[in-house]
Amino acid sequence: MIEFGYYNENSEKPVLKDNIKFIMDENEEIFISNKQLKNTKIVAKEIDFYLNNSLENTLNKAENVNLLYEARATCFDLAKDVMHSKEIGKNIIIISNSDKNDLKTELEKNDFKVITLKHDEIKFLYGQIGEIYVNIITNNDEYEINCDILLIENAKEYMLKQSGCYEISTLKNSEILNLVKSLSPLTNYRNFITYDEKICQYHERRHEICGKCADICPTVAILKDDEKKQLMFSHIDCIGCGKCVGICPTSAIDFSIMPRNSFNEITNLYKDKIILVVNKNTNFDIKIDLKPNVLPFYVDNIEFLDHVHFMTMLTQSGCSIVLYNDKFSEITMDNINLINQIYEIKFKTKGIYIAQNENELKNALNSANLVPNSYFSYPFLEGNKRADFSKRLEFLIAGDDLGVVKTTQKLRYAKIRINEETCTLCLSCVGACNVDALVADTKDNSIKFNPSLCTACGYCTMSCAEKDTIFIDRGEIELNPSFYSYTTLAKDELFKCIECGKEFATTKAVQKVANMMAPMFKGDEFKTKMLYCCPDCKAKLTIMKQFEESRKI
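Residues numbered from 1 in each chain as written. Predicted model: local features only at pLDDT ≥ 70, side-chain atom pairs only at ≥ 80, totals over all residues. Heavy atoms only, no water.

**Here's the deal with the overall build of the chain**
Counted only if it meets this: Helix and strand definitions here come from DSSP, where helices need a minimum of 4 consecutive H or I residues and strands a minimum of 2 consecutive E residues; each element is numbered from the N-terminal end. As defined in this context, the radius of gyration uses C-alpha atoms, and a globule is described by 2.2 Å times the residue total to the power 0.38. Whether a residue is buried, partly exposed or exposed follows from its accessible area with a 1.4 Å probe, protein chains only, as a fraction of its type maximum: under 20%, in between, or over 50%, in that order. Residue contacts are defined here by distance: any two heavy atoms, one from each residue, within 4.5 Å place the two residues in contact. Shrake-Rupley sampling with a 1.4 Å probe provides the accessible areas, and residues are treated as covered by the protein chains on show and by no other component. Positive charges come from Lys and Arg, negative ones from Asp and Glu, while His and the chain ends are left out of the count. A charged residue contributes its charge at one atom only: NZ of Lys, CZ of Arg, CG of Asp or CD of Glu.
If you tally the helices and strands in the chain, you get 16 helices and 30 strands. Computed over C-alpha atoms, the radius of gyration of the chain comes to 31 Å, more than 25% over the 24 Å expected from 2.2 N^0.38 for 553 residues, which places it beyond the range of a compact globule. Expressed along its principal axes, the backbone C-alpha trace of the chain runs to roughly 105 × 70 × 40 Å. Here the chain holds 553 residues, and the buried ones make up 50% of them. Sequence separation of at least 24 residues holds for 66% of the intrachain contacts in the chain that already meet a minimum separation of 6. Here the chain has roughly 27,100 Å² of accessible surface; of this, 48% comes from carbon and sulfur atoms. Charge-centre separation for the chain: the mean point of 68 positive side chains lies 5 Å from the mean point of 79 negative side chains.

**Some points on the domain arrangement of the chain**
Heads up, the rule is: For the purposes of this description, domain bounds are those given by an automatic or database domain assignment.
By the assigned domains, the chain splits into domain 1 (2-79 + 257-380), domain 2 (86-189), domain 3 (192-255), domain 4 (406-491) and domain 5 (494-551). Distance from the C-alpha centre of domain 1 to the C-alpha centre of domain 5: 68 Å.

**With respect to the packing of aromatic side chains**
Applied cut-off: Any two rings among Phe, Tyr and Trp, with Trp reduced to its six-membered ring, count as a pair given centres within 6.5 Å; such a pair is stacked if its planes are under 30 degrees apart, edge-to-face if over 60, and tilted if neither. When the NZ atom of lysine or the CZ atom of arginine is within 6 Å of a ring's centre and also within 35 degrees of its normal, the charge is said to sit over that ring.
Following the criterion strictly, the structure yields 17 aromatic pairs and no others. Three or more aromatic residues link up through ring pairs in this structure, and these residues are F263, Y270 and F297. Its guanidinium or amino end placed over the ring of Y298, R72 lies 3.8 Å from that ring's centre, counting from NZ or CZ. Sitting over the face of the ring of Y413, R386 holds its NZ or CZ atom 3.9 Å from the ring centroid.

**Some points on the packing of helix 8 (residues 307-317) against helix 9 (residues 330-347)**
Quick note on the threshold: Fitting a line to C-alpha atoms yields each axis, with helices limited to the stretch in contact; the angle taken between N-to-C directions then spans 0 to 180 degrees. Angles are sorted into four bins: roughly parallel if under 35 degrees, roughly antiparallel if over 145, roughly perpendicular if 65 to 115, and oblique for all others. In a left-handed crossing the near helix is turned counterclockwise from the far helix by less than a right angle, and in a right-handed crossing that turn is clockwise. Residues are sorted three ways: Asp, Glu, Lys and Arg are charged, Ala, Val, Leu, Ile, Met, Phe, Trp, Tyr, Cys and Pro are nonpolar, and all the rest, Gly among them, are polar.
In the contact formed by helix 8 and helix 9, the axes pass within 9 Å of each other and the chain directions differ by 45°. Judged on the interaxial angle alone, helix 9 and helix 8 are oblique. Every pair of crossing elements has a handedness; the one defined by helix 8 and helix 9 is right-handed. Every residue of helix 9 that contacts helix 8 at H307, F310, M311, L314 and T315 is listed here: T332, N335, I336, L338, I339, I342 and Y343. A per-class count over the contact of helix 8 with helix 9 returns eight nonpolar, four polar and no charged.

**Points about the sheet that holds strand 1 (residues 2-7)**
Stated formally: Note: two strands are recorded as paired if DSSP finds a minimum of 2 bridges between them.
An order of 2-1-3-4 is seen for the four strands of this open sheet, with the pairing classed as parallel. Sheet topology places strand 2 (20-23) and strand 4 (39-43) at the edges, where each strand pairs with a single neighbour. Across the sheet, the mean angle from the axis of one strand to that of its neighbour is 45°, orientation sign disregarded. In terms of strand pairing, strand 1 meets strand 3 (residues 29-33) through three bridges, oriented parallel. Residue G5 lies in a different strand from strand 3, and its bridge partner there is S33.

**What about unusual backbone geometry?**
Cis geometry is found at the peptide bond from S184 to P185, where omega equals 15°. Summarising the element assignment, P185 is placed in the loop between helix 4 (173-183) and strand 13 (186-190). In this model, D468 sits at a positive phi of 50°, which is unusual for a non-glycine residue. With respect to the secondary-structure elements, D468 resides in the loop between helix 13 (459-463) and strand 26 (470-474).

**Section: the pattern of salt bridges**
To be explicit about the condition: Salt bridges are defined as contacts in which a side-chain nitrogen from Lys or Arg sits within 4 Å of a carboxyl oxygen from Asp or Glu.
Evaluation of the coordinates by the stated rule reveals 24 salt bridges. Note that K529 is salt-bridged to E499, the shortest N-O span being 3.1 Å. Placement of K529 in helix 15 (residues 525-530) and of E499 in the loop between strand 29 (494-496) and strand 30 (503-506) is noted, with a sequence separation of 30 residues between them. Using a relative accessible area of 33% as the deciding quantity, one classes K529 as partly exposed. The salt bridge involving D536 is made with K502; its shortest N-O contact spans 3.0 Å. Here K502 lies in the loop between strand 29 and strand 30 and D536 lies in helix 16 (residues 535-552), a separation of 34 residues in the sequence. The structure contains a network of salt bridges with shared partners spanning E9, K35 and D48.

**Side note on helix 9**
What counts here: The span one expects for a helix is its residue count, reduced by one, times 1.5 Å.
With 18 residues, helix 9 extends 25 Å between its outermost C-alpha atoms, agreeing within 8% with the 26 Å of an ideal straight helix rising 1.5 Å per residue. What helix 9 keeps buried is the set I331, T332, D334, N335, I336, L338, I339, N340, I342, Y343 and F347. Backbone geometry just after helix 9 places K348 at a positive phi near 60°.

**Some remarks on the sheet that holds strand 21 (residues 352-355)**
Note on sheets: strands pair through backbone hydrogen bonds, and any given pair is parallel or antiparallel. One open sheet accounts for four strands, arranged 19-18-20-21; its pairing is parallel. Each edge of the open sheet is held by one strand with a lone partner, namely strand 19 (294-299) and strand 21. With strand direction ignored, the average angle separating the axes of adjacent strands in the sheet is 25°. The sheet contact formed by strand 18 (residues 274-279) and strand 20 (residues 321-324) spans four bridges and is parallel. Residue pairing across strands places I275 opposite I321, the latter belonging to strand 20. The strands that helix 1 (residues 46-53) touches are strand 18 and strand 19; relative to strand 19, the one it contacts most, it runs at about 165°.

**Details of a negative patch on the surface**
For clarity, the cut-off: Patch rule: a residue counts if its relative accessible area is over 30% and it has no salt bridge; like charges are joined within 9 Å, and nonpolar side chains (Val, Leu, Ile, Met, Phe, Trp, Tyr) within 5 Å.
Residues D25, E26, E28 and E29 make up a contiguous surface patch of negative charge. Mapped onto the secondary structure, E29 falls in strand 3.

**Overview of helix 7 (residues 260-268)**
Of the residues making up helix 7, those classed as buried are R260, S262, F263, N264, I266 and T267. Buried residues along helix 7 sit against helix 2 (58-78), strand 17 (253-255), strand 19, helix 8 and helix 11 (385-397).

**What about the environment of K291?**
For clarity, the threshold we go by: Whenever a nitrogen or oxygen atom comes within 3.5 Å of another N or O atom, the pair is scored as a polar contact, on the condition that within protein one atom can donate a hydrogen and the other can accept it, and that pairs from neighbouring residues in sequence are kept only if both atoms are in side chains.
Locating K291 in the fold gives a position in the loop between strand 18 and strand 19. Along the chain, K291 and L55 lie 236 residues apart, while their C-alpha atoms are 5.3 Å from each other. When neighbours within four sequence positions are excluded, K291 is seen to be in contact with L55, I274, L365, N366, A368 and N369. Within the local environment of K291, its side chain forms a polar contact with the backbone oxygen of N366, the two atoms lying 3.4 Å apart.

**Some words on the environment of I193**
By the secondary structure assignment, I193 is in strand 14 (residues 193-195). The class of I193 is buried, set by a relative accessible area of 7%. Separated by 156 residues in the primary sequence, I193 and T349 have C-alpha atoms spaced 34 Å apart. In this structure, I193 is in contact with I222, F233, H235, C244, V245, I253, D254 and S256, ignoring residues within four places of it in sequence.

**A few points about the side chain of N135**
Mapped onto the fold, N135 is located in strand 9 (residues 131-138). Residues contacting N135, with those up to four places away along its chain left out, are E121, I122, K123, F124, Y126, E142, Y143 and E144.

Below, the structure is given as structure tokens:
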């Protein structure tokens, strides 16, 4: 197999590095190619887009084309998606208020079994491709039938949330036939996302404090089990929109095609390059001048990019970036606006320029440029993605105090305050925090907090046993050094057992229990003494007392 292949349809060949082979035979097996050939595994359309539009000199073009091949190879090597298959039968239901007998006949000629229904006969539907169940109401009776594929003309929104359900109002009968033939007898699909329950802020919590991924999912690919507080995933129903990744506060959900470690490796290749982010739906046939050092960065879906991805691109390139897409979701804009607030304050320029058409793209590319003193390459960090963001933002601040930037309801940061007078250092708040924003320091018996890691979930306040002790202030990121390091919120001295002298709990915790129990033990010196003893001494003194009392008998 040829690793990097270039198929040239023009008489004039571009200058390429020796490791990129010109393809003469369209039947060659190629790992990555600029064109879709018979045996091409990965098609990198951005290569021709770059060669046809870049104003870079010939030698630099050759280097940059090689970089684009390397980026695609890295993405493939580090991807975590897995292909799956499911056998699909030939049972079809058509839902339409118009006559679909011609379509029904065409499908039946190709061995599909077809039932036609009208919209007013449908109460509800659920399931997934190969197992779609339709609740039907007719003549005051209600019953359920199932099918493998559901074809709907003028579908209601809920009807298209399941896999195997298709809107056909704009399709010709021949196109519909080709569609169902592509689905049966075998449908292939992949997992677009990966999931780490350890840092999920919905998983098995006593209170629902997150679940944003399920709320934003446009299909039934992510559902919440509110009783168990667990997420349920259906990869066959996932359309790979990336919205769940973009909104996840901790990176519990990651994009399997380009996970965070892959993204970090690829962006390392783009040092001193103005990154033009394009997704798979981009029109690569447009003609536009790409000034020197502008290089496309291919992604499967722009919606999976969040503020951490953006900061990684900005710092590892040292340049502003351009996002080109026909539309941007609310959460994507929240992430973009957060980054631009930071860059406007620090560098007096935007970090991210967006474009939704060719004219906007030209303007954005003209504005994007090198951002002096913004380059910072940092090794990939496992776990909570905000740790990576914290390191990069701390570098940009460089010890200055630049004020604050505002965050939104969907993209939240916060600061925690603790009332030391009522805190007993029971550490329930530390146990509740699964992103290490709150930690216990055994060296000085304290609770420490790093606001740059906090997702503002509020689970610490819900877990606190004391009234009016933990407070959370949401809505801002402070651009000063203290925001990116651990500071002490509460501390106490350890209490020494009055019997053996061993330290076993904080003074406040022992005193709290003693204050609660002492009135109940009034006049009983032994029980009162036990309140100030470690567990070992309590057991020992209890046995000794029982022994003495037995001797008196």
